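# Chain and residue survey
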Amino acid sequence: EILSGPRQRRLSRAASVVYGKRKVVIGGDAPVVVQSMTNTDTADVIATAIQIKDLARAGSELVRITVNNPEAAAAVPAIREQLDKMDVDVPLVGDFHYNGHTLLQDFPECAQALSKYRINPGNVGQGAKRESQFAQMIELACRYDKPVRIGVNWGSLDQTLLARIMDENARRSVPWTAQSVMYEALITSAIENAQRAEELGLAGDKIILSCKVSGVQDLIAVYRELSTRCEYPLHLGLTEAGMGSKGIVASTAALSVLLQEGIGDTIRISLTPEPGGDRCREVIVGQEILQTMGLRKFTPMVIACPGCGRTTSTVFQELADDIQTFLREQMPVWKKQYPGVESMNVAVMGCIVNGPGESKHANIGISLPGTGESPAAPVFIDGVKAMTLRGDRIAEEFQAIVLNYVAK
Ligand code: SF4
């Protein structure tokens, strides 16, 4: 049997994250949600609001901000206000570690302005304090009617729980490997804390789980197991994926295996930005994973050949890049004006070998002339040769043809 597509999506409850009229559903049969996180100092209201706006405009459907101290907590309502002024209604998620119980208690306007809380059960406190501080955060989530992600991370695993799982393992006649013990501790931490949250009164459809690790095979193993043990929606992400192509490839390798198996309801690509790099890259990579897998459509796709010795100029590479950037930049307006435009494909090809064939399969395609070919670029629209472009203004003319096609 030939595998013909992703496996049926794992059944999960649907959790809603709401801000005003904006409702983002995670789980159930909702599309897989792309989210991101800021890296500004949250206390810097303007810088944080601008970065959130940029992430939201790039397509981030939720944006998480760290709320790490009283200054950050005090800034959250002001950030929300700035976003309202800029007409940005993306729901905000507060990321809490160590002092979340105090911050949510002391800053009720922050607790209200956030649309979701992330609680790391490994960073809530130790011993009896852990129990009471966790309970306090859940009670505040109930009071403000906010969903919660119980986000376990293997860099900050609850050490008491890990010790308990290791003790249990030592009593097994055939002990598990250290790796399996770690997996079990991550999964148990997520599920036990979710159950505890439900006992404390948080509705089951207000809980999302994650168990983040930094190894591709570890992430796949952990989520495969976690997905069989609960019905909570799952947040996927390879934590500390790294920089540049390594981070993108590792995240894609891990997430695409899980998504293909129907596992995962929201994703975040944790890329370390290059110095001066663009934070929105993680949103674009998340969208591209989902779109290239055929799970969602965000923006028209550009199909471009890699180029080879048959073409000596970089004109077609520049054109492909320009067109992809142009299409992406138009999307915030186009998706309102031209529903369905995200399904469009545009081919930009380097020579006659595959150019006309690939161009005919796209909605619009252009085959630029390779070495030795006559200096003409046939353009195909809906599979039919529509015109031939020549001269120095091919890029501008092709962009105008794309614009005209979309408007029609
Ligand atoms: Fe090379 Fe032409 Fe193929 Fe592009 S379409 S990779 S230029 S042979």
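Quick notes on the rules
- Residues numbered from 1 in each chain as written.
- Predicted model: local features only at pLDDT ≥ 70, side-chain atom pairs only at ≥ 80, totals over all residues.
- Heavy atoms only, no water.
- Helix = DSSP H or I, 4+ residues; strand = E, 2+ residues; numbered from the N terminus.
- Rg over C-alpha atoms; globule rule 2.2 N^0.38 Å.
- Buried < 20%, exposed > 50% of the residue type's maximum accessible area, 1.4 Å probe, protein only.
- Contact = heavy atoms within 4.5 Å.
- Areas by Shrake-Rupley, 256 points an atom, 1.4 Å probe, with all protein chains shown as cover.
- Lys, Arg positive; Asp, Glu negative; His and termini not counted.
- Charge placed at Lys NZ, Arg CZ, Asp CG, Glu CD.
- Expected span 1.5 Å × (residues − 1).
- Arc of directions from axis to C-beta.
- Pairing = 2+ DSSP bridges.
- Near = heavy atom within 4 Å.
- Nonpolar A, V, L, I, M, F, W, Y, C, P; charged D, E, K, R; others polar.
- Axes fitted to C-alpha atoms, helices over the stretch in contact; angles between N-to-C directions.
- UniProt positions renumbered as here; feature names shortened; annotations may be inferred.
- pLDDT = per-residue confidence, 0-100.

This part is about the overall build of the protein. Helix and strand counts for the protein come out as 13 helices and 17 strands. Taking 408 residues into account, the globule formula puts the C-alpha radius of gyration at 22 Å, and the protein, at 24 Å, falls close to it. Based on the C-alpha atoms only, the size of the protein along its principal axes is roughly 80 × 55 × 35 Å. The buried share of the protein, taken over its 408 residues, is 50%. Considering only contacts within the protein whose residues lie at least 6 apart along the sequence, 66% involve residues at least 24 apart. A total accessible area of about 18,500 Å² is found for the protein, and carbon and sulfur atoms account for 52% of it. Here the protein carries 42 positive and 46 negative side-chain charges, and the mean point of each set is 3 Å from the other.

Let's shift gears to the side chain of T299. Within the secondary structure layout, T299 lies in the loop between α10 (281–292) and β13 (301–304). Since its relative accessible area comes to 5%, T299 is described here as buried. Apart from residues no more than four positions distant in its own chain, T299 is found in contact with Q291, Q324, L327, R328, M331 and E342.

In this model helix α9 (residues 244–260) runs 24 Å from its N-terminal to its C-terminal C-alpha over 17 residues, within 8% of the 24 Å that 1.5 Å per residue would give. Restricting attention to buried positions, one finds in α9 the residues G247, A250, S251, A254, L255, L258 and L259. Along the axis of α9, the buried positions cluster into a sector of 145 degrees, meaning they face one direction only. More than 90 degrees from the buried face of α9, the exposed residues found are S245 and V249. Downstream of α9 by a residue or two, G262 has a phi angle that is positive, lying close to 80 degrees.

With 6 bridges joining them, strand β1 (residues 14–19) and strand β2 (residues 22–27) adopt antiparallel strand pairing. Within the sheet, the bridge partner assigned to Y19 lies in β2 and is R22. Here β1 folds back onto β2 in antiparallel fashion, the turn holding 2 residues, of which G20 has a positive phi close to 55 degrees.

The next point concerns the site of the ligand. Every residue near the ligand is listed here: C305, P306, G307, C308, R310, T311, M349, G350, C351, V353 and N354. Here the shell around the ligand is built from residues that sort into 6 nonpolar, 4 polar and 1 charged.

This part covers the sheet that holds strand β14 (residues 345–349). Taken together, 5 strands build an open sheet; the order of strands is β13-β14-β15-β16-β17 and the sheet is mixed. Of all the strands in the sheet, just β13 and β17 (384–389) have a single pairing partner and so form its edges. Across the sheet, the axes of successive neighbouring strands diverge by a mean angle of 20 degrees, strand direction being ignored. For β14 and strand β15 (residues 364–367), the ladder comprises 4 bridges, and the chain directions are parallel. Across the sheet, the residue bridging to V346 is I364, located in β15. This element, helix α11 (residues 315–337), spans β13, β14 and β15 of the sheet and lies at about 160 degrees to β14.

What follows concerns the UniProt feature "binding site: [4Fe-4S] cluster" (unreviewed entry) in the protein. The positions that UniProt labels "binding site: [4Fe-4S] cluster" (unreviewed entry) are, in the present scheme, C305, C308, C351 and E358. Locating C305 in the fold gives a position in the loop between β13 and α11. What makes C305 partly exposed here is its relative accessible area of 22%. Among residues more than four places away in sequence, those in contact with C305 are F316, V348, M349 and G350. Note on placement: C351 falls in the loop between β14 and α12 (355–361). On the basis of relative accessibility, which here comes to 9%, the residue C351 falls in the buried class. Contact partners of C351, with chain neighbours within four places excluded, come to R310, P356, S367, L368, G370 and E373.

Within the protein, residue pLDDT values average 94, and 99% of them lie at 70 or more. Scoring of the predicted complex yields 0.93 for pTM and 0.99 for ipTM.

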